[in-house]
Amino acid sequence: MKIAIAQLASSPDKALNLKKACEAIQKAAQGGADLVLLPEMFMAFVPADSGISYADVAEPVDGPFVSQLAKAAQQYGIYVTCGIYESAPNEPKRAFNTTIMLNRQGELIYHYQKTHLYDAFSYQESLNIIQSNNELKPVETEFGKIGVLVCYELRFPEVARKLTLAGADLILVPTAWVSGPLKEEHYQTLVKARALENTIPVCACDQTGNILVAALFVMHLE
């Protein structure tokens, strides 16, 4: 199995982000990848002072953004994993922080709503994101079972452990890791720790630019 890591900068322009994602899908497939991993919340970058709510940019998992990703996945015959904002009923401002997975046929085979929100270090993700309680379980693919955890969830060993005990052969981690003192060191250390303690590969993909850390790719095999 060959995985392509699309570490791209997300912008407030959702259409531009979709174009960049589809171009990354094409490039990954042409490079022989079986799966392309895009960052957390790649659908749009929403600056804190923009006056735009996360609900304004959110879509259902069968909305236009994911539908276009599905067409690209089918066209190029590649698995696609990407972070989006998923709309929720009766939520005028917030959305789910959701990761979707599409197979080679462009079918939505898995979607995971983030369960551990980044309410720490003077930041409250819960002001914009709805905490989910969806089950932590891997999805069956032609490569084996693949688990997903998102960004801040790297700091909780039990999340990766539960996925491993449920049979995950690989864990994918889309992230939007905010920059700060030693934050890149935290990122690399946590990805390696989750791989070593569970003896499975962990593959992480970060956003770049904006308020986020410089590009990082970490893949640690057992």
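Every value quoted in this text rests on a predicted model; they were computed, and no experiment measured them.

Caption draft 1: Spotlight on the pattern of salt bridges. Under the definition given, this model contains eight salt bridges. Put simply, Glu23 and Lys19 hold a salt bridge, and the shortest N to O gap is 2.6 Å. Here Glu23 and its partner Lys19 are both found in helix α1 (residues 14-30), four residues apart, which amounts to about one turn of the helix. Through salt bridges with shared partners, one network takes in Asp34, Arg104 and Glu142.

Caption draft 2: Focus on the sheet that holds strand β3 (residues 79-86). Taking strand neighbours across the sheet as the criterion, the five strands line up as β1-β2-β3-β4-β5 in an open arrangement whose pairing is mixed. Two strands bound the open sheet, and with one partner strand each, they are β1 (3-5) and β5 (108-113). Recorded for the sheet is a direction-independent mean angle of 25° between the axes of neighbouring strands. Sheet topology note: the strand β2 (residues 35-37)/β3 ladder contains three bridges and is parallel. Note that in β3 the partner of Val36 across the bridge is Val80. The sheet strands contacting helix α3 (residues 64-76) are β3 and β4 (96-102), and the helix crosses β4 at an angle near 20°.

Caption draft 3: A look at unusual backbone geometry. Backbone geometry at Ser122 places phi at a positive 65°, although glycine is not the residue there. Turning to its location among the elements, Ser122 is positioned in the loop between β6 (119-120) and β7 (123-124).

Caption draft 4: A look at the environment of Gly63. Among the secondary structure elements, Gly63 is positioned in the loop between α2 (54-57) and α3. Between the C-alpha atoms of Gly63 and Gln124, which are 61 residues apart in sequence, the distance is 27 Å.

Caption draft 5: Examining the nonpolar core more closely. Counting residues in each nonpolar core, the largest one holds 36 residues, and the members touching the most others are Val36, Leu69, Val80, Tyr85, Ile100 and Leu102. Taken together, the elements giving at least two residues each to this core come down to α1, α2, α3, β3 and β4. No other element matches α3, which puts six residues into this core. Grouped together as the second largest cluster of nonpolar side chains are 33 residues, Ile146, Cys151, Ala195 and Val202 included.

Caption draft 6: A look at the environment of His186. Topologically, His186 is positioned in helix α5 (residues 183-198). When the C-alpha positions of His186 and Ile78 are compared, they lie 31 Å apart, and in sequence the two are 108 residues distant. At a separation of 3.0 Å, a polar atom in the side chain of His186 contacts the side chain of Arg155.

Rules used in this analysis
- Residues numbered from 1 in each chain as written.
- Predicted model: local features only at pLDDT ≥ 70, side-chain atom pairs only at ≥ 80, totals over all residues.
- Heavy atoms only, no water.
- Salt bridge = Lys/Arg side-chain N within 4 Å of Asp/Glu carboxyl O.
- Helix = DSSP H or I, 4+ residues; strand = E, 2+ residues; numbered from the N terminus.
- Pairing = 2+ DSSP bridges.
- Axes fitted to C-alpha atoms, helices over the stretch in contact; angles between N-to-C directions.
- Contact = heavy atoms within 4.5 Å.
- Core = buried A, V, L, I, M, F, W, Y, C linked by side-chain atoms within 4.5 Å.
- Buried < 20%, exposed > 50% of the residue type's maximum accessible area, 1.4 Å probe, protein only.
- Polar contact = N/O pair within 3.5 Å; in protein donor to acceptor, adjacent residues only side chain to side chain.

That is the geometry; function is a separate question.
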